Structures are given as C-alpha cells and as structure tokens.
Amino acid sequence: MNITLIDALLHKKAANKKQIAVLIDPDKANESSLEILNKLSITSGIDYFFVGGSLLTADNTKKTVAFLKENSSIPVVLFPGSVTQIEPTADAILFLSLISGRNPEFLIGAHVIAAPMIKASGLEAIPTGYMIIESGRPTTVSYISNSFPIPHHKPDIAACTAMAGELLGLKLIYLDAGSGAEMPVSNDMIAAVRKSVSIPIIVGGGIRSSEGIRAAFEAGADVVVIGNILEEKPELIAEFAYATQ
C-alpha cells in the first residue's frame, strides 16, 4: 500500500524530522531554471516541490509539474491560488481554506467548484488551514483574496485561529507572510501556534537565510517553504537543506 503524503508528514513530525519545500511559481519558471532547481534539490535532499501562485498569467502549471515528475522523485504538491491550478499529474494538492480571512469565497466558495475536479483527478487532497500573516507590505495573496492578514504582533489571534482550524478537522496549518514579504512570520507567532495545535505546521514567506530557517524550526515549524530567494540565488538550496540537520 502506498503511503500518503499526509501520513509521511505526520510520521516525520513524530520523529521531529524537519523538512524543506521549494516553492515554484509556474509563471516565473522556464526549463533552464527548473533544471537548475531540480538538480540542486535532488542533491541537497529537498523534501517537496510546491507548485503554484496567487496569480498566474500563463498556463504553465502542467508543464512545470511534468518536468519535475519526469526528472525527480521528489513529491510535487500543488499550492493553488485558484481552481484553474488543478493538475492531476501532481502527487497531492493542499486544499487551502483561508481561515485567517472572512471572505467566504476563499473559506468554502471556491472549494465547492473545485471539489468535483479534485475528486475526479485522483489527487491526494490535504485539508489545510491557510493563514495570511502581516509581512510589512501588501502582498498579492492578500489583494487577490480580499482579506486582511493577521497582525504580525498578534500571536494570540494566530494561535486561536489555528486551534479552530484543527478542531474543524484540518490536517495542516500553513502560516504565510506571502511572496516578497519584508518580514517573515515571527518566531513568537510560530511558537504560539505550535502550542495550540498538534498537527504539522508549514511556514513560508520572507525567509531568506539558513538562520531564519533554523529559527522557524526551533519555534515549532515542521516544514519551511523557500521561494523568492531561490529565483535569484538557487545555489542557496544546499545551505538551506543543511538547516534541517
């Protein structure tokens, strides 16, 4: 029997095995950049590829997933910004519910439209409580979702929101400062969320150094997502992967 991605995440969390995901925006990826990222990710032992973005202007998701699946065994997980980003050839999809916001479209509305397509695709759908955290500047995800982020200095709000998500049956919590964030999610907030839930925590946005990765892990993150900085300096993957040890 094949082990599911959520089972693998839970197993690694129980073993205190920290993990790194490389986030790839299909709009910005081309074959050359994908080849570099893929090779470095394989040699560095990266755990996941996350594929997606808040706003995609080109239909490159299928090509991006196909390249990664053909050239590595690293699990490819969809991180969709809309129902147009469902690609059946991926390994799994984060079924994101924007629990930090109050926009019903991103809490449940888009999910109703996407559910039949995801069910038919055979993708492993992982119910994920998605929380946008204030990062020092407006981000694409907050604009597109028409929702306010949780204030950077309010870990209690994040903790209670994550707790509600777990009680609703969500399997993961994703704290995201957003692409191009000036500030990453604070370690105090990560720690507060860690104390409030037992499910795995993913943290992304604004993390640009191995020190930042280690700090997020020490605060309680189980998976750290790295994206923007690798578009400029893909060679940092090896250094970042070492931070899990």
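Up top you'll find the structure we're talking about.
Not measured: the values here are computed from a predicted model.

Cut-offs applied
Residues numbered from 1 in each chain as written. Predicted model: local features only at pLDDT ≥ 70, side-chain atom pairs only at ≥ 80, totals over all residues. Heavy atoms only, no water. Core = buried A, V, L, I, M, F, W, Y, C linked by side-chain atoms within 4.5 Å. Buried < 20%, exposed > 50% of the residue type's maximum accessible area, 1.4 Å probe, protein only. Helix = DSSP H or I, 4+ residues; strand = E, 2+ residues; numbered from the N terminus. Contact = heavy atoms within 4.5 Å. Salt bridge = Lys/Arg side-chain N within 4 Å of Asp/Glu carboxyl O. Arc of directions from axis to C-beta. Patch = residues over 30% accessible without salt bridge, like charges linked within 9 Å, V, L, I, M, F, W, Y side chains within 5 Å. Areas by Shrake-Rupley, 256 points an atom, 1.4 Å probe, with all protein chains shown as cover. 1 Å grid on protein atoms, 1.4 Å probe; cavity = no way out; pocket = protein on both sides within 12 Å on 5 of 7 lines; lining within 4 Å. Points joined across faces, edges and corners; volume = space filled by probe spheres on them. Nonpolar A, V, L, I, M, F, W, Y, C, P; charged D, E, K, R; others polar.

(A) Region of interest: the nonpolar core. Counting 55 residues, the largest nonpolar core has Met-131, Leu-175, Ile-213, Val-224 and Leu-230 as the members making the most contacts within it. The leading source of residues in this core is helix α8 (residues 210-219), at 4 residues. In contact with Leu-230, other than residues within four places in its own chain, are Val-22, Leu-37, Leu-236, Ile-237 and Phe-240. Judged by nonpolar contacts, the second largest core, of 21 residues, contains Ile-6, Tyr-130, Ile-132 and Val-141.

(B) Structural view of the pattern of salt bridges. This structure, assessed with the given rule, holds 8 salt bridges. Across the salt bridge formed by Glu-231 and Lys-28, the nearest N and O atoms sit 3.6 Å from each other. Residue Glu-231 is found in helix α9 (residues 228-232), and its partner Lys-28 is found in the loop between β1 (19-24) and α2 (31-44); the two are separated by 203 residues along the sequence. A salt bridge links Glu-87 to Lys-62; the shortest N-O distance between them is 3.8 Å. Of this pair, Glu-87 sits in the loop between β3 (76-78) and β4 (92-98) while Lys-62 is found in helix α3 (residues 61-71), placing the two residues 25 residues apart along the sequence. The buried category is assigned to Glu-87, whose relative accessible area is 7%. Taken together, the shared-partner salt bridges in this structure form one network comprising Lys-12, Lys-17 and Asp-47.

(C) The arrangement of helix α1 (residues 5-14) in detail. Those residues of α1 that sit buried are Leu-5, Ile-6, Ala-8 and Leu-9. On an axial view of α1, the arc spanned by its buried residues comes to 160 degrees, and they lie on one face. Exposed and facing more than 90 degrees away from the buried side of α1 are His-11 and Ala-14. Directly beyond the C-terminal end of α1, a positive phi value near 55 degrees is found at Asn-16.

(D) Inspection of a nonpolar patch on the surface at higher detail. Where nonpolar side chains cluster on the molecular surface, the patch consists of Leu-107, Ile-108 and Val-112 and spans about 260 Å² of accessible area. Summarising the element assignment, Val-112 is placed in helix α4 (residues 104-121).

(E) Structural view of the layout of surface pockets. In this structure, the largest pocket spans a volume of roughly 980 Å³. Residue lining of the largest pocket: 49 residues in total, with Gly-53, Ser-54, Phe-79, Tyr-130 and Val-141 positioned closest to the centre. For the lining of the largest pocket, the per-class residue count stands at 25 nonpolar, 18 polar and 6 charged. The computed volume of the second largest pocket comes to approximately 190 Å³. Taken together, Leu-23, Ile-24, Asp-25, Lys-28, Ala-29, Ser-33, Ile-36, Leu-37, Gly-227, Leu-230, Glu-231 and Pro-234 make up the lining of the second largest pocket. Elements supplying a minimum of two residues to the lining of the second largest pocket: β1, α2 and α9. Per element, the largest residue contribution to the lining of the second largest pocket is 3 residues, and it comes from α2. Residues belonging to the lining of the second largest pocket are distributed by class as follows: 7 nonpolar, 2 polar and 3 charged.

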